[in-house]
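# An overview of the molecular structure
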Amino acid sequence: MSAYFDLRSDLFRRAFHDAVPYGGYLTTGNERQRAAWARAEAALPALPDDAGIRLDPAGRTVNVLCLSGIWCGDCVRSVPIVARVAEAAGPPLDFRLVDRDAIPELRDELRVLGAMRVPMVVFLTEDFHEVGRYGDRPLTVYRDKAVTELGAACPLPGSADGGALAAETAEWLDVFERMVLMARLAPPLRARHGD
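Because the structure is a prediction, the values reported are computed rather than measured.

Here we take up the overall build of the protein. Assigned secondary structure in the protein consists of nine helices and four strands. For the protein, the C-alpha radius of gyration of 17 Å lies close to 16 Å, the compact-globule estimate for 195 residues. C-alpha atoms of the protein, sized along the principal axes, occupy 55 × 35 × 30 Å. By residue count, 43% of the 195 residues in the protein fall in the buried class. Here the analysis covers contacts within the protein between residues at least 6 apart in sequence; of these, 77% occur between residues at least 24 apart. Separation between the mean location of the 23 positive side-chain charges and that of the 28 negative ones in the protein comes to 3 Å.

Consecutive side chains along a regular strand alternate between the two faces of the sheet. In terms of strand pairing, strand β3 (residues 120-124) meets strand β4 (residues 130-135) through five bridges, oriented antiparallel. Considered in β4, the bridge of Val121 is made with Tyr134. Between β3 and β4, which follow one another and run antiparallel, lie five residues, and Phe128 among them has a positive phi close to 65°.

Turning to the sheet that holds strand β1 (residues 62-68), a few remarks are in order. Strand order in the open sheet formed by four strands is β2-β1-β3-β4, and the pairing between neighbours is mixed. The outermost strands of the open sheet, each flanked by one partner alone, are β2 (93-99) and β4. Across the sheet, the mean angle from the axis of one strand to that of its neighbour is 20°, orientation sign disregarded. Strands in contact with helix α8 (residues 164-185) are β1, β2, β3 and β4; relative to β4, the strand with the most contacts, it is inclined by about 170°.

With that out of the way, let us pick up the nonpolar core. Formed by 55 residues in total, the largest nonpolar core has its most connected members in Trp37, Leu93, Phe95, Leu106 and Phe176. Residue assignment for this core shows that the elements contributing at least two residues are α1 (9-18), α2 (22-26), α3 (31-42), β1, α5 (73-89), β2, β3 and α8. Setting aside chain neighbours within four positions, we find Leu106 in contact with Leu11, Phe12, Ala15, Leu65, Leu67 and Val98.

What follows concerns the packing of helix α7 (residues 139-150) against α8. Two elements in contact, α7 and α8, have axes separated by 8 Å at closest approach and are oriented at 145°. On the side of α7, the interface is formed by Leu139, Thr140, Val141 and Asp144, while α8 contributes Ala164, Ala167, Glu168 and Glu171. The residue makeup of the contact of α7 with α8, split by class, is four nonpolar, one polar and three charged.

Where β1 and β2 come together, seven bridges link them in parallel fashion. If you follow Leu67 over to β2, its bridge partner there is Val98. Viewed along the sheet, the connection from β1 through α5 into β2 turns out right-handed.

If you walk through the whole model with that rule in mind, you get 22 salt bridges. Residue Arg60 pairs with Asp195 through a salt bridge whose shortest N-O separation is 2.7 Å. Of this pair, Arg60 sits in the loop between α4 (51-54) and β1 while Asp195 sits in the segment after α9 (187-193), and the two are 135 residues apart along the sequence. Judged by its relative accessible area of 0%, Arg60 is buried. What makes Asp195 partly exposed here is its relative accessible area of 42%. Overlapping salt bridges bring together Asp6, Arg8, Glu109, Glu130 and Arg133 as one network.

The next point concerns the side chain of Ser68. Structurally, Ser68 can be placed in strand β1. Since its relative accessible area comes to 0%, Ser68 is described here as buried. Within polar-contact distance, the side chain of Ser68 engages the side chain of Tyr25 at 2.9 Å. Setting aside residues up to four positions removed in sequence, Ser68 forms contacts with Tyr25, Trp37, Cys75, Val79, Leu97, Val98, Asp99, Arg100 and Val118.

Attention now moves to α7. Compared with an ideal rise of 1.5 Å per residue, which puts twelve residues at 16 Å, α7 spans 15 Å between its outermost C-alpha atoms and is within 8% of the ideal. For α7, the set of buried residues is Thr140, Val141 and Ala146. Looking at the buried residues of α7, the elements they touch are α5 and α8. Trailing α7 by a residue or two, Gly151 shows a phi angle of about 60°, which is positive.

Cut-offs applied
Residues numbered from 1 in each chain as written. Predicted model: local features only at pLDDT ≥ 70, side-chain atom pairs only at ≥ 80, totals over all residues. Heavy atoms only, no water. Helix = DSSP H or I, 4+ residues; strand = E, 2+ residues; numbered from the N terminus. Rg over C-alpha atoms; globule rule 2.2 N^0.38 Å. Buried < 20%, exposed > 50% of the residue type's maximum accessible area, 1.4 Å probe, protein only. Contact = heavy atoms within 4.5 Å. Lys, Arg positive; Asp, Glu negative; His and termini not counted. Charge placed at Lys NZ, Arg CZ, Asp CG, Glu CD. Pairing = 2+ DSSP bridges. Axes fitted to C-alpha atoms, helices over the stretch in contact; angles between N-to-C directions. Core = buried A, V, L, I, M, F, W, Y, C linked by side-chain atoms within 4.5 Å. Nonpolar A, V, L, I, M, F, W, Y, C, P; charged D, E, K, R; others polar. Right-handed = clockwise from strand over helix to strand, strands pointing away. Salt bridge = Lys/Arg side-chain N within 4 Å of Asp/Glu carboxyl O. Polar contact = N/O pair within 3.5 Å; in protein donor to acceptor, adjacent residues only side chain to side chain. Expected span 1.5 Å × (residues − 1).

These figures come from the coordinates and say nothing about function on their own.
In structure tokens:
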């Protein structure tokens, strides 16, 4: 057995195979849901000019699997950001989505605090080994939620500053960059790609 393996790689491979690209995923929603997603896309800030450089996987395939719900408000807010960042990375980064309830084993693998949460984004190598996962809500969203729900008992820097969408976009860009760098620096992939 190789020193590098992931017990869930078969699950991730099957789920990724069954998942659909972003545009196809949007067609699964009803008219009201598609309109909400379109509004979210229209509100997105531009990515920084260096996004493509920051996200260059140097020839490695990075598979990005998103567990989502077309009906989910958190998904409507975050997944268009994730799709835009994935698009900036370009091939060989492959971004696909699967409905939360389509693959119960995947849904249960990606629980947060014991609950079914979406969106959950899993970054995978070309061998479908997990690089890392991120979701349900970014830190910027939790900061705002804490201020709203906990009030003065929770003074947090960076919350309720009016720039939440830009901050969330920057956070997702940083997450993607981290995962791509982890894949670029992974010893078995460096050996395979000769760098």
